[in-house]
Structures are given as structure tokens and as C-alpha cells.
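# Summary of the model geometry
The primary structure of each chain is shown beneath.
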Amino acid sequence: VSSSATFTRSGMSCSPFTRQWGATPWISLRARTWSAQQKRLKEARNTLILEMVENMRPDIEKSIKDIKQDLRLVRSKKEEDYTDIVAPMIEYFDGVFQKFVNNCYEPVRKPLLRQTWKKTLKLFEEIIILPDINMVAHEEVQELNSKQSQVVENMLDNLKMYFTENSGKCLKSKTLDRMQ
């Protein structure tokens, strides 16, 4: 019998590309192996992305704490342009984003930016919007007044624009809207 012959048994066929009678062809086995490898690779990528974002946490936290300090001055200042409050954070992200754009392919860069945006929003919420319960017990925490709230909202809008700019190398604004 030649190796290219096809045999049948109980209505099932077996070709040289089949492991056993009625089993999945080798090509399907390769596809499943490939799919499993892709899944492991994606999991490894996501783990590395989370680690990278966690490594950026101290710098993002410092920027947000500086913003919080500057927000306290908003009460005493008269009408001014408060866009300079978010400038240090924008400068930090400018350097980080340049590294992302220059060193990461899109399948890595986009999830990395998404996770960075999520972490930034979470830290904004923890530090400025909803202070920690422990902090409330140790120091006098004042709620944001309407002017400060407006400044924070404008800062987040500016930051959002920054995450969506860069000639399409960053995120789409619809993506960021879904995350909020």
C-alpha cells in the first residue's frame, strides 16, 4: 500500500496526515499548537506590560501629588490659566511616550498605553478625587471646590488629548472613553 493511499474504517477516512483513524489532521494539530503558543506569548506580553506600568507608578504618583499641591493654590489664586499645573506630568509622559513610539511595535505599544492610562486614572482617583481613609484620619482632607474640580476635569481632558495625539501612534479617544 502506498503512503498516499487513503483507508476507510467505519466510514472514517485516514490519510498519511492523520495520527490515527478518525483523529485530527496534523495541520489542525499545528494550528492548535500555534494558537497555544500565541496565547502564552500574549500572556507574557501582558505580564511585562503590567510590570512596566507598575514601574512607572512612583513617577506618576509623584506627578499627581505635585498636582494636588498645586490644586491647593487654586483656592487662593484669582482667575488664571491653570494648564501649567499638569505640565510636569505631560513632560514625564512625553519622554515615556517617545520611548514607547521608538522602541515598541503597535501590538505592544497600544496595550501599554491603555494600561498606563488606566493606572493614571486610578492614581488620580486615589490621590486627588477620593483620598485614602487612612489619610483622612491623619490629616485634614478638604474636598475639592467647584473651581478645583473644573481644573481637574480640564487637566484630565488635556492628558486624554495627549494620550490620543502623536500621529496615530497613541490611542483613539473612543478607547479612552470606554475605560473611564
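So, here is what we can say about the structure in this document. Owing to the predicted nature of the structure, the values given are computational and were not obtained by experimental measurement. (Residues numbered from 1 in each chain as written. Predicted model: local features only at pLDDT ≥ 70, side-chain atom pairs only at ≥ 80, totals over all residues. Heavy atoms only, no water.)

### Some details on the nonpolar core
In terms of nonpolar packing, the biggest core is built from 34 residues, with Ile 67, Met 89, Phe 93, Phe 124 and Met 155 touching the most fellow members. Of all the secondary-structure elements, those providing two or more residues to this core are helix H1 (26-74), helix H2 (87-103), helix H3 (106-129) and helix H5 (146-164). Beyond its immediate stretch of four places on either side in the chain, Ile 67 contacts Ile 85, Val 86, Met 89, Phe 124, Ile 128 and Met 155. (Core = buried A, V, L, I, M, F, W, Y, C linked by side-chain atoms within 4.5 Å. Buried < 20%, exposed > 50% of the residue type's maximum accessible area, 1.4 Å probe, protein only. Helix = DSSP H or I, 4+ residues; strand = E, 2+ residues; numbered from the N terminus. Contact = heavy atoms within 4.5 Å.)

### As for the packing of H3 against H5
At a closest axis distance of 12 Å, the pairing of H3 and H5 adopts a crossing angle of 170°. Here H3 lies roughly antiparallel to H5, going by the angle between them. Two secondary-structure elements touch here, H3 through Leu 113, Thr 116, Trp 117, Thr 120, Leu 121, Phe 124 and Ile 128 and H5 through Val 152, Met 155, Leu 156, Leu 159, Lys 160 and Phe 163. (Axes fitted to C-alpha atoms, helices over the stretch in contact; angles between N-to-C directions. Parallel < 35°, antiparallel > 145°, perpendicular 65-115°, else oblique.)

### Here's the deal with H2
Every α-helical turn comprises 3.6 residues, leaving residues that sit three or four positions apart pointing alike. The end-to-end C-alpha separation of H2 is 24 Å, in line with the 24 Å expected for 17 residues at 1.5 Å each. Buried residues of H2: Met 89, Ile 90, Tyr 92, Phe 93, Val 96, Phe 97, Phe 100 and Val 101, and no others. Taken down its axis, H2 places every buried residue within 160° of arc, on the same side. Looking at H2, the residues exposed on the side facing more than 90 degrees away from the buried face are Glu 91, Lys 99, Asn 102 and Asn 103. (Expected span 1.5 Å × (residues − 1). Arc of directions from axis to C-beta.)

In short, the description is geometric, and any link to function would need to be established separately.
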